[in-house]
Amino acid sequence: MAEKVLMKGNEAIAEAAIRAGCRHYFGYPITPQTELAAYMAKRMPKIGGVFLQAESEVSAINMVYGVAGTGLRVMTSSSSPGVSLKQEGISYIAGADLPALIVNVQRGGPGLGGIQPSQSDYFQATKGGGHGDYHLIVLAPASVQEMADLTATAFDLADKYRMPTMILADGTMGQMMEPVVLPEPYEAKSEKPWAVTGTKCEREHNIINSLYLVPEELEKVNFARFEKYKTIEENEVMYEEYMMDDAEYCIVAFGIAARVSKNAINAARAKGIKVGLIRPITLWPFPKDVINKAADKVKAFISVELSMGQMIEDVKLAQECKKPVYLCNRAGGMIPEPEEIIAKLEELEGGND
Amino acid sequence: MISLNPKRVTLFAGHYGSGKTNIAVNYALALKDLGKNVVVADLDIVNPYFRTKDSAKELNEKGIEIISPEFANTNVDLPALPASVYGVVQNRLRHAVLDIGGDDRGAYALGRYAPYIMEENDFEMIFVANFLRPLTRTPEEAFEVMKEIEQAGHIPFTAIVNNSNLGKDTEPEDVEKTDILAKRLSELSGLPLLFTSAEENVAKQLTLNNVLPMKLQKKYFDII
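Cut-offs used in this document
Residues numbered from 1 in each chain as written. Chains lettered and ligands numbered in written order. Predicted model: local features only at pLDDT ≥ 70, side-chain atom pairs only at ≥ 80, totals over all residues. Helix = DSSP H or I, 4+ residues; strand = E, 2+ residues; numbered from the N terminus. Rg over C-alpha atoms; globule rule 2.2 N^0.38 Å. Buried ≥ 20, exposed ≤ 12 C-beta atoms within 10 Å, placed from the backbone. Contact = placed C-beta atoms within 7 Å. Domains from an automatic or database assignment. Nonpolar A, V, L, I, M, F, W, Y, C, P; charged D, E, K, R; others polar. Pairing = 2+ DSSP bridges. Axes fitted to C-alpha atoms, helices over the stretch in contact; angles between N-to-C directions. Parallel < 35°, antiparallel > 145°, perpendicular 65-115°, else oblique. Left-handed = near helix turned anticlockwise from the far one by under 90°. Expected span 1.5 Å × (residues − 1). Right-handed = clockwise from strand over helix to strand, strands pointing away. Arc of directions from axis to C-beta.

Now for the overall build of chain A. Tallying secondary structure elements over chain A gives 12 helices and 14 strands in all. Here chain A has a C-alpha radius of gyration of 21 Å; the compact-globule value for 353 residues is 20 Å, and the two agree. Based on the C-alpha atoms only, the size of chain A along its principal axes is roughly 75 × 50 × 40 Å. Buried positions account for 53% of the 353 residues belonging to chain A. Here the analysis covers contacts within chain A between residues at least 6 apart in sequence; of these, 79% occur between residues at least 24 apart.

A count of helices and strands for chain B gives nine helices and eight strands. Taken over C-alpha atoms, the radius of gyration comes to 16 Å for chain B, in line with the 17 Å a tight globule of 224 residues would show. Principal axes of the C-alpha set define a box for chain B whose edges measure 45 × 40 × 35 Å. Once local pairs closer than 6 in sequence are excluded, the contacts in chain B between residues at least 24 apart make up 74%.

All names here are of chain A. The domain boundaries assigned to chain A delineate domain 1 (4-235) and domain 2 (240-352). Placing the centre of domain 1 and that of domain 2 at their C-alpha centroids yields a distance of 28 Å. Taken together, the contact pairs 27 residues of domain 1 with 22 residues of domain 2. Only α5 (122-126), β6 (137-139), β7 (164-170), α7 (171-175) and α8 (215-235) provide two or more residues apiece to the side of domain 1 that touches domain 2. Examining the composition of the side of domain 1 that touches domain 2, we find that four residues originate from one element, α5, more than from any other. When the residues that make up the side of domain 1 that touches domain 2 are grouped by side-chain class, the tally is 15 nonpolar, nine polar and three charged.

All names here are of chain B. Overall, parallel pairing links the eight strands, which are arranged β3-β2-β4-β1-β5-β6-β7-β8 in an open sheet. Edge positions in the sheet fall to β3 (65-67) and β8 (211-214), since each of these pairs with one other strand and no more. Ignoring strand direction, the axes of neighbouring strands in this sheet form an average angle of 25°. Note: strand β5 (residues 123-129) against strand β6 (residues 159-162), four bridges, orientation parallel. The residue of β6 that forms the bridge with Val128 is Val161. Sitting on the sheet, helix α8 (residues 179-189) touches β5, β6 and β7 (193-199), and the angle it makes with β6 is about 170°.

All names here are of chain A. Contact geometry for helix α1 (residues 9-19) and helix α6 (residues 144-161): axes closest at 8 Å, N-to-C directions at 30°. For the element pair α1 / α6, the angle class is roughly parallel. Viewed along their axes, α1 and α6 form a crossing whose handedness is right-handed. Packed against α1, whose contacting residues are Gly9, Ala12, Ile13, Glu15, Ala16 and Ala17, the element α6 presents Val144, Met147, Ala148, Thr151 and Ala152 at the interface. Counted by class, the contact of α1 with α6 contains eight nonpolar, two polar and one charged residues.

Okay, the environment of A:Pro336 next. Residue and element names in this part refer to chain A. One can find Pro336 in the loop between β14 (325-329) and α12 (338-352). A sequence separation of 76 residues divides Pro336 from Val260, and the C-alpha atoms of the two residues are 7.4 Å apart. Contacts of Pro336, omitting those with residues within four sequence positions, involve Ala257, Val260, Val304, Cys328, Asn329, Arg330 and Ile341.

The next thing to look at is helix α3 (residues 57-69) of chain A. Residues and elements named next belong to chain A. Helix length check: α3, at 13 residues, gives a terminal C-alpha distance of 19 Å against a target of 18 Å (1.5 Å per residue), a fit within 8%. Residues Glu57, Ala60, Ile61, Met63, Val64, Tyr65, Val67, Ala68 and Gly69 constitute the buried set of α3. Where α3 terminates, the next one or two residues include Gly71, which has phi positive at roughly 85°.

Turning next to the pairing of strand β3 (residues 50-53) of chain A. Along any regular strand the residues' side chains alternate between the sheet's two faces. All names here are of chain A. Bridge count between strand β2 (residues 24-27) and β3: four bridges; the pairing is parallel. What sits directly across from Tyr25, in β3, is Phe51. Tracing the backbone out of β2, into helix α2 (residues 34-43) and back to the parallel element β3 gives a crossover that is right-handed.

Residues and elements named next belong to chain A. Looking at helix α11 (residues 311-318), one finds that the buried residues are Met311, Ile312, Asp314, Val315 and Ala318. On an axial view of α11, the arc spanned by its buried residues comes to 160°, and they lie on one face. Lining the buried residues of α11 we find α5, β10 (249-252), α10 (288-295), β13 (300-305) and β14. Glu320 lies just past α11 and shows a positive phi near 45°.

For the rest of this paragraph, the subject is the pairing of β6(B). All names here are of chain B. In this view, the connection linking β5 to its parallel neighbour β6 by way of helix α6 (residues 139-153) has right-handed handedness. Direction of pairing for β6 relative to β7: parallel, over a ladder of three bridges. Across the sheet, Val161 pairs through a bridge with Phe195, a residue of β7.

A separate point is the interface of chain A and chain B. At the interface, 22 residues of chain A touch 17 residues of chain B. Put simply, the parts of the chain that give the side of chain A that touches chain B at least two residues each are β1 (4-8), α1, α2, β8 (177-181) and α9 (255-270) of chain A. Looking at the side of chain A that touches chain B, the element that brings in the most residues is β1(A), giving five residues. Class assignment for the residues of the side of chain A that touches chain B results in seven nonpolar, six polar and nine charged.

Here the focus is the packing of α6(B) against α8(B). All names here are of chain B. Running from amino to carboxyl end, α6 crosses α8 at an angle of 50°, the nearest separation of the two axes being 9 Å. Here α8 runs oblique to α6, going by the angle between their axes. Classified by chirality, the crossing of α8 by α6 is right-handed. Contacts between α6 and α8 involve Pro139, Ala142, Phe143 and Met146 on the former and, on the latter, Leu181, Arg184, Leu185, Leu188 and Ser189. Its residues assigned to classes, the contact of α6 with α8 shows seven nonpolar, one polar and one charged.

Printed below as a string of structure tokens:
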């Protein structure tokens, strides 16, 4: 087995991206994701890769768009305000059906907000974000190990479905240091006959474009893209269940909120409250089925979020409001303490007496 | 492991996340135990998280003053240092522990205080090494970081500390197997290995000489 090293979440994403064959990084520094760019700045020149600090987030995402068109693995990273700036470019990448990785290490918002961790870009990440009908595959790591592992997954899924993917982390995931076993370097083997690589006068030109002059054609492309999304929803959902077997309450939480929830669950179970966790690892596609099935056995759901309550809407929709969903949240850069989650559970237990 | 006659100024510099802040805090407490009048200055302008200020309560209770950037631990990510840092390098009556930011980028801020420290010439500039970090796995890589920091901070290193660890997963053998790397770095640089630092429970189990047992500062509760 490979040796463990101590890494920050941001560094783990950078190193894992390099090991997944990414040699093109374009970005612009912003707290709390800056170590990712700093790591790329140090490493890329040594391995024949490109690190480029663009003049803005808008430039960086358009550079990503350009490299993505050539079929090479490419990424950018930022934090909430910076990711908002990138939305136009992300929409173009989605509209041109290109693979690319966008990392959002979220901070408190809206506006300039603050530099402490947050999950309040859930809507932006999972519902499209930019203009037009599209989705990103959104992965939500809950440990530094997953920051590394899901980076490789994100690149593979982007290639497989020819679409942009996003790692939606938060400031704590980016900053926390944990031991990691880094994935082995590998060479991605994915045919990309659509890539702009030079025709050598042997084939027709490949054209990268998101503009359609005939509305019927644009509609056709949109319908086809949503057929693809359906396949993804059927095949690529990832989640973790924790102590759900006999659970009477189900916490739904991702990222750092899921880590805190596990602490709360252990403490609550010691007090006799039967509670479990469903942790979405893919936020889109959202693990609807497992939540829907859980609704048949639990009394209620609690959505634990570092936002004013965004994922809670998907928890309600997933189980067609069969069971009530309560929110346990902190916002503006604050993290819920296990005690706050336990208090919520005790309140529900009391209500059932 | 701390000299009974320590230099007036002790500086800790090294790679990002090598453990400088934890060592600085624990070193300051150890100096205080020797009966010294101690001030800690946080010169990290590159990382707005994990600061000496996280240990403010403990240090203040022991009578150790902390000087940190005015906006440390707030939402303001403003890379500015307070004027009172000059007092730390100019007032020679107190022992000073300086926590420098990571890598060469973090050490640039030290440059403006370097002339005072060099003129007084009563300092220990310590390189903190964690050989279990991905960009300083070998003595050669660590030596390269040392040279970059010296160029940025304008103060030559005078000693090395081995703080190799895997966070809360650290086993004593993880630390012990890095001892040979620390000794090699000592040869490469011609500088003494001052001590090996480790979390106090790990430290107890180490068979190495000169170990600084550390209480780690905690910002959050332990998450599983």
